[in-house]
Amino acid sequence: METFKDIISSPVPVLVDFYADWCNPCKAMSSILLRVKEEEGTSVRIIKIDVDKNRDIALRYSIQTIPTLMIFKEGKQLWRQSGVMDTSELIKVVDMFK
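Cut-offs used in this document
- Residues numbered from 1 in each chain as written.
- Predicted model: local features only at pLDDT ≥ 70, side-chain atom pairs only at ≥ 80, totals over all residues.
- Heavy atoms only, no water.
- Helix = DSSP H or I, 4+ residues; strand = E, 2+ residues; numbered from the N terminus.
- Buried < 20%, exposed > 50% of the residue type's maximum accessible area, 1.4 Å probe, protein only.
- Contact = heavy atoms within 4.5 Å.
- Axes fitted to C-alpha atoms, helices over the stretch in contact; angles between N-to-C directions.
- Parallel < 35°, antiparallel > 145°, perpendicular 65-115°, else oblique.
- Left-handed = near helix turned anticlockwise from the far one by under 90°.
- Nonpolar A, V, L, I, M, F, W, Y, C, P; charged D, E, K, R; others polar.

Caption draft 1: Highlighting the side chain of Thr87. Take Thr87: it is sitting in helix H4 (residues 87–96). On the basis of relative accessible area, Thr87 is assigned to the buried category, the value being 15%. Residues in contact with Thr87, not counting those within four places in the same chain, are Ile32, Arg35 and Val36.

Dropping the structure here:
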């Protein structure tokens, strides 16, 4: 099984969605992330991290607001934003790091 560190070390950009099951804005982000994945295909990897089940990762990255989106590439954090974004905005951000 891949570790979080392994995943974010990829040469392909990795969009990480920090969320919780009880968070309504997080639920809204799920459908947006699906549309981003449909549009971007294999040029980006999208993973979801449940902050309640992965407290160590959430603490390591000081996640205080959810949803928080981050982009990693080759182990480096390149971008971060909290809150819901629309599909076209998020695609523009992802495209900057391909």
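The rest of the description comes next.
Caption draft 2: Quick look at the packing of helix H2 (residues 24–40) against H4. Where H2 contacts H4, the axes come no closer than 10 Å and their chain directions differ by 50 degrees. Between H2 and H4, the angle is such that the two are oblique. Here H2 and H4 pass one another in a crossing that is right-handed. Here Met29, Ile32, Leu33, Arg35, Val36, Glu39 and Glu40 of H2 come into contact with H4, specifically with Thr87, Leu90, Ile91, Val94 and Asp95. Looking at the contact of H2 with H4, its residues break down into 7 nonpolar, 1 polar and 4 charged.

Read these as spatial facts, not as claims about activity.
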